[in-house]
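# Reading the structure
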Amino acid sequence: MSDWEQLKDDIYDYVDGLLPSEARREVARQIERNPEARAFYDDVVALRVSLKGLKYIQVPSDFDTVLRTRIRMERSMSRQGFFAGPLRLPAAATVGALAVAAVVMVFNLTGSNTQSNSPIPRGGVHVSSAPPAINYVPVDRMDIDAGGTKLERRTSARDYASRDSLRGRTSDERILTVEF
Amino acid sequence: MKLSMVEDIENIENTQRPSKRGDKRPSDEDLIERFQKGDAYAFDLIVKRYKEQLLNFVYRFVGNQEEAEDIVQETFLRVYRKRKAYKRIAKFSTWIYTIAGNLSRTELRRRKRRKLFSVTDMGFEDRDYEISDEGYNPENQVDGIIQEEIIQKEINSLSPKFREVIILRDVQELSYEEISKIIDVPIGTVKSRVNRGRLKLQGQLKYLMKKK
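Residues numbered from 1 in each chain as written. Chains lettered and ligands numbered in written order. Predicted model: local features only at pLDDT ≥ 70, side-chain atom pairs only at ≥ 80, totals over all residues. Heavy atoms only, no water.

### Considerations on the overall build of chain A
We apply this condition: Helix and strand assignments follow DSSP, with helices taken as H or I runs no shorter than four residues and strands as E runs no shorter than two, numbered in order from the N terminus. We call two residues in contact when some of their heavy atoms are within 4.5 Å. Residue burial considers only the protein chains on display, and all accessible areas are found by Shrake-Rupley using a 1.4 Å probe.
Secondary structure summary: chain A contains seven helices and zero strands in total. Reading chain A from its N terminus to its C terminus gives the helix and strand order α-α-α-α-α-α-α. Partitioning the contacts of chain A with sequence separation of at least 6, the portion at a separation of at least 24 is 52%. For chain A, the exposed area adds up to about 12,500 Å²; of that, 58% sits on carbon and sulfur atoms.

Listed below in structure tokens is the structure:
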């Protein structure tokens, strides 16, 4: 640090009243003798006066009322329920965990139903990333023979196959898709 | 005649500040301790003591009065909520200034992220003084209010780390030690930031100060 830089720091400390008496006297001498130091000192003092002189803005008259209202609201909210107050995070975490456990249980129960040997699809949960299923009866289970023709049968089979491929589903998934 | 709640609080304050003979006013630390034990009036006294200085600190820091009011309200709400977190090892003023400073810095960061400037929404800190005619001469035009605005504008042109220490030191007149605790940096760093901030302001406000 150059002498001038050091002197500037000393002048700041001098104005702040942070220097011990001997150093203080030395800086005062410098300010007296050195015009550059004097000009710098004047600038520092003028800035301090300007900053100190900044007007204090007034607190709005309704400040306390607004604060009280906010505190009251917060207190009433914290009294309102299980999810309010300091325990809200643990409470929410517990409920979330229970909800996940419940979904897993339901899924497992219904999953075991679909593994039955019955040729007739049973109610259950279809878990697939495919778009929502349209419920229809698989072509091989349609009773077309009762009134349909060979052409109708072929058309129906093609239609279902193309719809399935469009939806990105396998025929097994289709079979699992049933109406509740 | 029934006193309003605020007047009531003022009476309490006044009764606890008996005379110049001896300052029997409860310290901030006493008040927060009373509040921790459930004395709601103590909180009111804290609000009364700090609302003005905090509002002015935050206002000078963020440069917008409405935002400053919101931040100070939030500061007191945090004191209310986290009263148990205060430990007497620290000065209460340091604690409350730290909260207000942190909230102000968060607001400045949020504002920086938003960067959605609308001319009509600009606070004085955002307005440029470019609407000037040919004959505009700062040395002749400066008067009280404009001068204040110019000083504030220059304060706002400092980066937040310099701005905060300048306000705490030269506007709020806190000690370097207290500032060091509030912003959690060593005293030497505080002094260096204050001096650099002053140097910058001196350069920017030179014409204004010469006028004075």
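### Details of unusual backbone geometry
Residues and elements named next belong to chain B. Using the following cut-off: Think of it in three bands: with a 1.4 Å probe and only protein chains considered, a residue is buried below 20% of the maximum accessible area for its type, exposed above 50%, and partly exposed in between.
For E173, which is not glycine, the phi dihedral falls at a positive 60°. Here E173 lies in the loop between α8 (160-171) and α9 (176-183). Backbone geometry places D184, a non-glycine residue, at a positive phi of 60°. Taking the relative accessible area as the measure of exposure, D184 reaches 67% and is therefore exposed.

### Considerations on the interface of chain A and chain B
The condition is simple: By buried area we mean the combined loss of accessible area, with a 1.4 Å probe, across both parts when two parts are placed together. Within this document, salt bridges are pairs made up of a side-chain nitrogen of Lys or Arg and a carboxyl oxygen of Asp or Glu, the two lying within 4 Å of each other. Residues adjacent in sequence count toward polar contacts only when both atoms are side-chain atoms; beyond that, a polar contact is any pair of N or O atoms within 3.5 Å, and within protein one must be able to donate a hydrogen and the other to accept it. Throughout, the ten residues Ala, Val, Leu, Ile, Met, Phe, Trp, Tyr, Cys and Pro are labelled nonpolar, Asp, Glu, Lys and Arg are labelled charged, and all others, Gly among them, are labelled polar.
Chain A puts 33 residues into the contact, and the matching count from chain B is 43 residues. With both sides pooled, the region where chain A packs onto chain B buries about 3,800 Å², and carbon together with sulfur makes up 58% of that total. For the interface between chain A and chain B, the tally reads 10 salt bridges. Between D43 of chain A and K206 of chain B there is a salt bridge; the shortest N-O distance is 3.4 Å. Counting every contact that joins chain A to chain B gives 18 residue pairs in polar contact (both at pLDDT 80 or more). Looking at the side of chain A that touches chain B, the elements that each hand over two or more residues are α1 (3-16), α3 (35-52) and α4 (63-80) of chain A. It is α3 of chain A that contributes the most residues to the side of chain A that touches chain B, 10 residues altogether. For the side of chain A that touches chain B, the class distribution of residues is 17 nonpolar, three polar and 13 charged.

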